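Report on the structure
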Amino acid sequence: MRRSLVLTAVCAIAGSIQVAAAADMPTKAPVYAPVLYSWTGFYVGGQAGGGWFTNHVTNGLNPTDGTVNFPPGFVHNAVHGSGWLGGGYAGYNYQVNQLVVGIDGDYSWAHLTGSTSDIGPTGFTDISHETVKWIATVTGRLGYAANNWMFFGKAGWAWAGFNGVSSTFNLAGANTNNDTNAQTRDGWTVGTGVEWGFAEHWSAKLEYDYVKFMTANYVNTAVSVSGAVTFPGRSATSNLSIVELGVAYRF
């Protein structure tokens, strides 16, 4: 009888120890599936940044495209300009696994300016100012998505509005001639960037774009101090680099 009571007590104590040990064991935290960010859909946003350009101008080869001071075929010093720009952009993305394809378009008002000066064969001086007024692009995009981060490249076509003014001065420093011109130039563009989805419907981007414009052939409106008006021909080659920050709403 005593032996059975002792065995019963020992079993009860052992069971209590096992229950207590089990209660003290740490429990595993629940595992939650990661929230995946979707890049599929339309978006519209605003952007701002800066840019810099180089513009090379050459006088035309016709006799009316130059004077003895700056003859036909004269190659002017390059204009290097820079400044700010800002505008809007919109597009559409479609995501398959981590691959994102899309189309993007943007338009920015700009104030990129630069100046240069030239001395012609006769010693006359020409001072030129160039301004880029606006920039627009339409591109395709290809991206790699890492949840709410996307790294992308883009390529397509670009347009920009160029305005130029120049003044010629003789050896005595007197103004003898003033030229003006304005053109829309176009060319190809490539770019790269990174985009961060910081909320369900919002993303921010940092982007670099390079534009190489086609050779532009155009005419100046040249007015001498005597009032004579001529239209000398010019050709220009130019390129443009842009860095922008943007914020978009994703539908």
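This section reports on the structure supplied with the text. (Residues numbered from 1 in each chain as written. Predicted model: local features only at pLDDT ≥ 70, side-chain atom pairs only at ≥ 80, totals over all residues. Heavy atoms only, no water.)

Turning next to the overall build of the protein chain. Scanning the protein chain from N- to C-terminus turns up one helix and 11 strands. Overall, the protein chain shows an N-to-C arrangement of helices and strands of α-β-β-β-β-β-β-β-β-β-β-β. When the 251 residues of the protein chain are sorted by exposure, 38% land in the buried category. Looking at the protein chain alone, contacts between residues at least 24 apart form 69% of all its contacts between residues at least 6 apart. (Helix = DSSP H or I, 4+ residues; strand = E, 2+ residues; numbered from the N terminus. Buried < 20%, exposed > 50% of the residue type's maximum accessible area, 1.4 Å probe, protein only. Contact = heavy atoms within 4.5 Å.)

On to the pairing of strand β6 (residues 175–199). Sheet topology note: the strand β5 (residues 149–169)/β6 ladder contains 21 bridges and is antiparallel. Note on β6: the bridge partner recorded for M150 is E195. With antiparallel pairing between neighbouring strands as the criterion, β5 and β6 make up a hairpin whose turn holds five residues, including G173 at a positive phi of roughly 90°. The sheet contact formed by β6 and strand β9 (residues 221–224) spans four bridges and is antiparallel. From the neighbouring strand, T180 faces β9, where its bridge partner is T221. (Pairing = 2+ DSSP bridges.)

Roughly 560 Å³ of volume is contained in the largest pocket. Along the walls of the largest pocket sit 36 residues, with D126, N177, D179, N220 and R234 positioned nearest its centre. When contributions to the lining of the largest pocket are tallied by element, the ones reaching two or more residues are β1 (41–59), β4 (125–146), β5, β6 and β9. Each residue belonging to the lining of the largest pocket can be placed in one class, and the counts come to 11 nonpolar, 20 polar and five charged. (1 Å grid on protein atoms, 1.4 Å probe; cavity = no way out; pocket = protein on both sides within 12 Å on 5 of 7 lines; lining within 4 Å. Points joined across faces, edges and corners; volume = space filled by probe spheres on them. Nonpolar A, V, L, I, M, F, W, Y, C, P; charged D, E, K, R; others polar.)

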